[in-house]
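# Observations on the model geometry
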Amino acid sequence: MSFNIRTGVDNFRKIRNENIYYADKTAFIEELLSKNQSEVTLITRPRRFGKTVMMSMLQEFFDISKKSRKMFSGLSICENSALCKTWMNKYPTIFLSFKDFHRGNFQEALYNFNDTLATKIDSDFQFLIQSEKILDADRTILSNVRNRCAAKNELSIFLSFLMSCLKNYYKKDVIVLIDEYDVPL
């Protein structure tokens, strides 16, 4: 098997699908799940360490809307079949990146946040807007964010709101991954 050597690719699925050289860091998943019992985990690494690829890998592993067994085939995490059976593609997962939040003022940052959330709804959570499992009022908020006309109060609670919608839909706890959380600050 030959591998492509490329730089700048930060999406785990793309790396695996396009056979791009990848240093297997999937053992991190097992370490994270076996040693960490907290509700919140902050993963810090130096610049250019591959945090975004790692977050993308975690999303691919946990996300209930994906079928990822093939993505992880041949990687170290698959040696732990019990862990994979319990965790792989079993939880609703939200992955947000704030890397593009370089805006000058609060209003621009707020618009950028709404735009990021609207894009996320379109790409990953549009099904919630049509779902009978979601209340009409909640579908309205989802639509407001998607149409980029949400009020500040809707945006300020949106992440916990989206978690609640996903928990109601799937009847499972939600995993949230946030990359570049510090950029808006």
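Here, the structure is the one placed above.
Summary of the structure given here. (Residues numbered from 1 in each chain as written. Predicted model: local features only at pLDDT ≥ 70, side-chain atom pairs only at ≥ 80, totals over all residues. Heavy atoms only, no water.)

Close contact between helix α8 (residues 136-146) and helix α10 (residues 158-170) brings their axes to 11 Å; oriented N to C, the two are set at 130 degrees. As summarised for this structure, α8 and α10 are arranged oblique, according to the angle between their axes. In the packing of α8 onto α10, the handedness of the crossing is left-handed. On α10, the residues touching Asp138, Ile141, Leu142 and Val145 of α8 are Phe158, Phe161, Leu162 and Cys165. (Axes fitted to C-alpha atoms, helices over the stretch in contact; angles between N-to-C directions. Helix = DSSP H or I, 4+ residues; strand = E, 2+ residues; numbered from the N terminus. Parallel < 35°, antiparallel > 145°, perpendicular 65-115°, else oblique. Left-handed = near helix turned anticlockwise from the far one by under 90°. Contact = heavy atoms within 4.5 Å.)

Turning to the packing of aromatic side chains, a few remarks are in order. If you walk through the whole model with that rule in mind, you get ten aromatic pairs. Summarising the aromatic geometry, the rings of Phe158 and Phe161 are spaced 5.7 Å apart at their centres and angled 45 degrees between planes, so their arrangement reads as tilted. Separated by three residues within a single helix, Phe158 and Phe161 lie in helix α10, roughly one turn from each other. Phe161 shares its class with Phe158; the two are buried. Feature note: the residues Phe61, Phe62, Phe72, Trp87 and Tyr91 constitute an aromatic cluster, connected by ring pairs. Geometry around Tyr169 places Lys133 over its ring, the cationic atom sitting 4.4 Å from the centre. In this arrangement the basic side chain of Lys172 is found over the ring face of Tyr91, its NZ or CZ atom lying 5.3 Å from the centre. (Phe/Tyr/Trp six-rings, centres within 6.5 Å; stacked < 30°, edge-to-face > 60°. Buried < 20%, exposed > 50% of the residue type's maximum accessible area, 1.4 Å probe, protein only. Lys NZ or Arg CZ within 6 Å of the ring centre and 35° of its normal.)

Here we come to the pairing of strand β1 (residues 93-97). Of all five residues in β1, four are buried; the element is thus mostly enclosed. Pairing of β1 with strand β2 (residues 175-179), which is carried by five bridges, proceeds in the parallel orientation. Within β2, the position partnered with Phe95 by the bridge is Leu177. (Pairing = 2+ DSSP bridges.)

This part takes up the nonpolar core. Buried together is how nonpolar side chains tend to be arranged in soluble globular proteins. Counting residues in hydrophobic clusters, the biggest one holds 25 residues, and the most contacted among them are Ile29, Phe61 and Phe72. Residue assignment for this core shows that the elements contributing at least two residues are α1 (12-17), α2 (27-35), α3 (51-62), α4 (69-72), α5 (81-87) and β2. If we skip the residues at most four places from it in the chain, Phe72 touches Phe12, Arg16, Thr26, Ile29, Met57, Glu60, Phe61, Ile77, Cys78 and Met88. Core analysis: the second largest hydrophobic core is formed by 23 residues, Ile94, Ile129, Phe161 and Leu162 among them. (Core = buried A, V, L, I, M, F, W, Y, C linked by side-chain atoms within 4.5 Å.)

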